[in-house]
Amino acid sequence: MHLAYPAVLAALLFCVGLYGVLARRNAILVLMSVELMLNAVNLNLVAFDVWLRDTLHTGQALTLFTIAIAAAEIGIGLAIVLMVYRNRGTSDIDRLRDTAETKADETAADDGTEDSGDGPDHGADPAQKAEAAA
């Protein structure tokens, strides 16, 4: 088998995945594009393993390891995307600035009612803060 065929196919897969990561706005499509890039790497690992006729088959072993890492990555990634979608109502990457920021935090920051934590009562429990305010 010629090495050029799987190498060119892997390069094309990787380029399509890279385009998907850079051009897509939906988080699910970005995760799918990352998986496409990882599959291109797996194809290269197996192709070079066959081409080098390695007796230990390290390319195939690394491919199995990469598949396991990709499965964990997609599981965690989908869990994060679902959590963000439930909280924000969208999975558009451009509209997400910070996962810790909520509308209540934004209104509190606009009103100036949010505690900055640099006052003398920083770290005090609520009962002590109530006594200091009275």
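As a reminder, the structure under discussion sits directly above these lines.
Just so it is clear, the model here is predicted, and its values are computed rather than measured.

Visitor: Just checking my understanding: could you explain the overall build of the protein for this structure?
Guide: A tally of regular secondary structure across the protein gives 5 helices and 0 strands. For the protein, the sequential pattern of α-helices and β-strands runs α-α-α-α-α. Per-residue burial for the protein yields a buried fraction of 19% across its 134 residues. The long-range share in the protein, meaning contacts at least 24 apart out of those at least 6 apart in sequence, stands at 52%.

Visitor: In this structure, what is going on with helix α1 (residues 4–23)? I would like to understand it.
Guide: The periodicity of an α-helix, 3.6 residues per turn, causes residues three or four positions apart to be oriented the same way. In a regular helix each residue adds 1.5 Å, so 20 residues correspond to 28 Å; α1 covers 28 Å between its end C-alpha atoms and thus fits that length. Three or more residues of α1 are buried, namely Pro 6, Ala 10, Gly 17 and Gly 20. Along α1, the residues classed as buried sweep out an arc of 85° about the axis, all on the same side. Set apart from the buried face of α1 by more than 90 degrees, the exposed residues are Leu 12, Val 16, Tyr 19 and Leu 22.

Visitor: Can you walk me through the packing of aromatic side chains in this structure?
Guide: In this description, a pair of aromatic rings is defined by centroid distance and the angle of the planes. Following the criterion strictly, the structure yields 1 aromatic pair and no others. Measuring from ring centre to ring centre gives 6.1 Å for Phe 48 and Trp 51, while their planes differ by 85°; the resulting arrangement is edge-to-face. On the criterion of helical spacing, the pair formed by Phe 48 and Trp 51 is a turn pair, its members being 3 residues apart in helix α2 (residues 27–52). Given the relative accessible area of 36%, Phe 48 is considered partly exposed.

Visitor: Any chance you could explain the environment of Ala 4 here in plain terms?
Guide: Checked against the element boundaries, Ala 4 lands in helix α1. Taking relative accessible area as the criterion, Ala 4 reaches 46% and is therefore assigned partly exposed.

Visitor: In this structure, what is going on with the packing of α2 against helix α3 (residues 58–88)? I would like to understand it.
Guide: In helix packing, the relevant descriptors are the interaxial angle and the interaxial distance, both defined with respect to the helix axes. Where α2 contacts α3, the two axes come as close as 9 Å, and the packing angle between them is 175°. Taken together, α2 and α3 sit at an angle that is classed as roughly antiparallel. By residue class, the composition of the contact of α2 with α3 is 13 nonpolar, 7 polar and 3 charged.

Calculation criteria
Residues numbered from 1 in each chain as written. Predicted model: local features only at pLDDT ≥ 70, side-chain atom pairs only at ≥ 80, totals over all residues. Heavy atoms only, no water. Helix = DSSP H or I, 4+ residues; strand = E, 2+ residues; numbered from the N terminus. Buried < 20%, exposed > 50% of the residue type's maximum accessible area, 1.4 Å probe, protein only. Contact = heavy atoms within 4.5 Å. Expected span 1.5 Å × (residues − 1). Arc of directions from axis to C-beta. Phe/Tyr/Trp six-rings, centres within 6.5 Å; stacked < 30°, edge-to-face > 60°. Axes fitted to C-alpha atoms, helices over the stretch in contact; angles between N-to-C directions. Parallel < 35°, antiparallel > 145°, perpendicular 65-115°, else oblique. Nonpolar A, V, L, I, M, F, W, Y, C, P; charged D, E, K, R; others polar.

Such coordinate-based values are descriptive only and should not be taken to indicate function.
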